[in-house]
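What the coordinates show
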Amino acid sequence: MADELRARIRSGALRPGARMPTQAQLAHEFGVERGAVRQALRILQSERLLTNVSKGSPATVAPDPVGALTGPEAPPLPTTVALAPRIATAFAAEHVEIDAVCLTSISLTLAIGEPLRQIHAGRLKPAKVDVRVLLPSRDIDLAFPVPVEARGDDRVHERWLAMRNAQGQVLQHNLLALRATHGIDVRVTFRALPFTPPVKLYLLNGAEALFAYYTLTRREAEAEREQPAMYDAQGTQSMLFAFRQGAGLRDTTFVEQSHLWFNALWETISSELTLTG
C-alpha cells in the first residue's frame, strides 16, 4: 500500500497539499484493516511525503514531496523509493551523465522509467545522455547469488546471467529509443568487472553519489521454479545513501573519490561486455 500511494504522490496523481482519502476509504480500496492503513501512512510520513497523519482527519500530501525524496535533508530510503526521483532530477540537465556499478542494473532500469515518462510528456528535454554501467563478468565465480549447498549447481548463475542481460538490454533499448523519438544524443555503454561488487553505486551528473550495501539473505528453495536455496541480495530494497558535491567536505570528497574509483575500474581491469548468451 505504501508503494502504491508513494507512486501516486510521485506521479502527481495525489498533488502536493491535497488531502488523502480517509483511512476507511483506503482500507476498502486495498482490502485491508485500518491498522495496515495507519502503518502505510506512517511509513510515508517518515519519508516526509505526508503530514497530519492521525486517527482523525485525513492525512495531507506534503507541499514538496519530490524535495522530500531528493533534497539535502532526505533520509536514506530504499533504492526503489529514492533512485527514480533523483534520476529524474538529473535528467533536467542539458547533458545527463550517469555512471553505475551494480549486480544486474534492475534498479537503474526501473528508475529510468520516471524520466522517460517525463520526456514523453514534454516536461524534460535533455540534449545528450551518457550512461556507463559496470556489471560483473559472466566468466567469474560470483560471490552471490550462490546456492547454499551444491556449489557446482549452475542454475543460480544462469538465472543471474539471464537477468543481467535482460535488464541491460531493456535499459539500452529504452534509452536509445530517445534518439528516434526525441532527437536526443544517447550513448549507453557496459563493461564487465572481474569481481562481484559488494555495494551498488550511482553517480549523477558529476554532482551526486548514491551508495547502498548489498546485504545478503538466505532465500529458500522454490521447487516450482527449480530454484535451490541460495544466498542472495535484494538490491532494489537496499537503503540508498546520498552524497552531494558542495554539501560539505565529507560529501564533496565522497563524490570525488567515487568518480575516481569508478573511472579507475572502467579504464583498467574492466573488459568488454556483451549482453547476449
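Placed above this text is the structure.
Presented here is a report on the structure given in the accompanying data block.

Cut-offs and rules
Residues numbered from 1 in each chain as written. Predicted model: local features only at pLDDT ≥ 70, side-chain atom pairs only at ≥ 80, totals over all residues. Heavy atoms only, no water. Helix = DSSP H or I, 4+ residues; strand = E, 2+ residues; numbered from the N terminus. Rg over C-alpha atoms; globule rule 2.2 N^0.38 Å. Buried < 20%, exposed > 50% of the residue type's maximum accessible area, 1.4 Å probe, protein only. Contact = heavy atoms within 4.5 Å. Areas by Shrake-Rupley, 256 points an atom, 1.4 Å probe, with all protein chains shown as cover. Lys, Arg positive; Asp, Glu negative; His and termini not counted. Charge placed at Lys NZ, Arg CZ, Asp CG, Glu CD. Pairing = 2+ DSSP bridges. Axes fitted to C-alpha atoms, helices over the stretch in contact; angles between N-to-C directions. Core = buried A, V, L, I, M, F, W, Y, C linked by side-chain atoms within 4.5 Å. Phe/Tyr/Trp six-rings, centres within 6.5 Å; stacked < 30°, edge-to-face > 60°. Lys NZ or Arg CZ within 6 Å of the ring centre and 35° of its normal.

Take the overall build of the chain next. Along its length, the chain carries eight helices and 13 strands. The C-alpha atoms of the chain give 20 Å as radius of gyration, which agrees with the globular expectation for 277 residues (19 Å, within 12%). With the C-alpha coordinates of the chain rotated into their principal frame, the extents come out at 60 × 50 × 40 Å. Expressed as a percentage of the 277 residues in the chain, the buried residues total 47%. A sequence separation of at least 24 residues applies to 71% of the contacts in the chain between residues at least 6 apart. Per element, the accessible surface of the chain, about 13700 Å² overall, is 52% carbon and sulfur. Across the chain, the mean location of the 30 positive side-chain charges is 7 Å away from that of the 29 negative side-chain charges.

With that settled, the discussion passes to the sheet that holds strand β13 (residues 271–272). Read across the sheet, eight strands follow the order β3-β12-β9-β8-β4-β5-β7-β13 without closing on themselves; strand pairing throughout is mixed. Since the sheet does not close on itself, it has two edges, and those belong to β3 (77–78) and β13, each with one partner. Most of the contacts of helix α8 (residues 249–267) go to strand β12 (residues 239–244), to which it runs at about 105 degrees, and overall it touches β4 (95–101), β5 (128–136), β7 (185–193), β8 (199–204), β9 (208–213) and β12.

This paragraph deals with the sheet that holds strand β11 (residues 230–233). In spatial order, the strands read β6-β11-β10; together these three strands make up an open sheet with antiparallel pairing. Each of the sheet's edge strands pairs with one partner strand only, and the pair in question is β6 (146–147) and β10 (216–219). Of the strand pairs in this sheet, β6 and β11 are connected by two bridges, and their pairing is antiparallel. The residue bridging valine 146 from the neighbouring strand is tyrosine 231, located in β11.

Another point: the nonpolar core. Within the largest apolar cluster, 45 residues are counted, with the highest numbers of intra-cluster contacts made by Ile87, Phe91, Ile98, Leu108, Ile112, Val133 and Leu175. For this core, the element with the highest residue contribution is helix α5 (residues 79–90), accounting for six residues. Not counting chain neighbours up to four residues away, the residues in contact with valine 133 comprise Ala100, Cys102, Leu108, Leu171, Thr189, Phe190, Arg191 and Trp266. Of all hydrophobic cores here, the second largest spans 16 residues; its members include Leu5, Leu41, Leu49 and Val61.

In this chain, phenylalanine 144 is followed by proline 145 through a cis amide linkage whose omega measures -5 degrees. Within the element layout of this structure, proline 145 appears in the loop between β5 and β6. Of note in the backbone geometry, asparagine 52 takes a positive phi value of approximately 60 degrees without being a glycine. Exposure remark for asparagine 52: the relative accessible area of 40% places this residue in the partly exposed category. Despite not being glycine, asparagine 205 shows a phi value in the positive range, around 55 degrees. Under the relative-accessibility criterion, asparagine 205 is labelled partly exposed at 23%.

Across all of its chains, the model carries five aromatic pairs by this definition. Relative to tyrosine 213, the ring of phenylalanine 211 has its centre 5.0 Å away and its plane inclined at 85 degrees; by these criteria the two rings are edge-to-face. Across from the ring centre of tryptophan 266, 5.1 Å away, lies the NZ or CZ of arginine 132, which sits over that ring.

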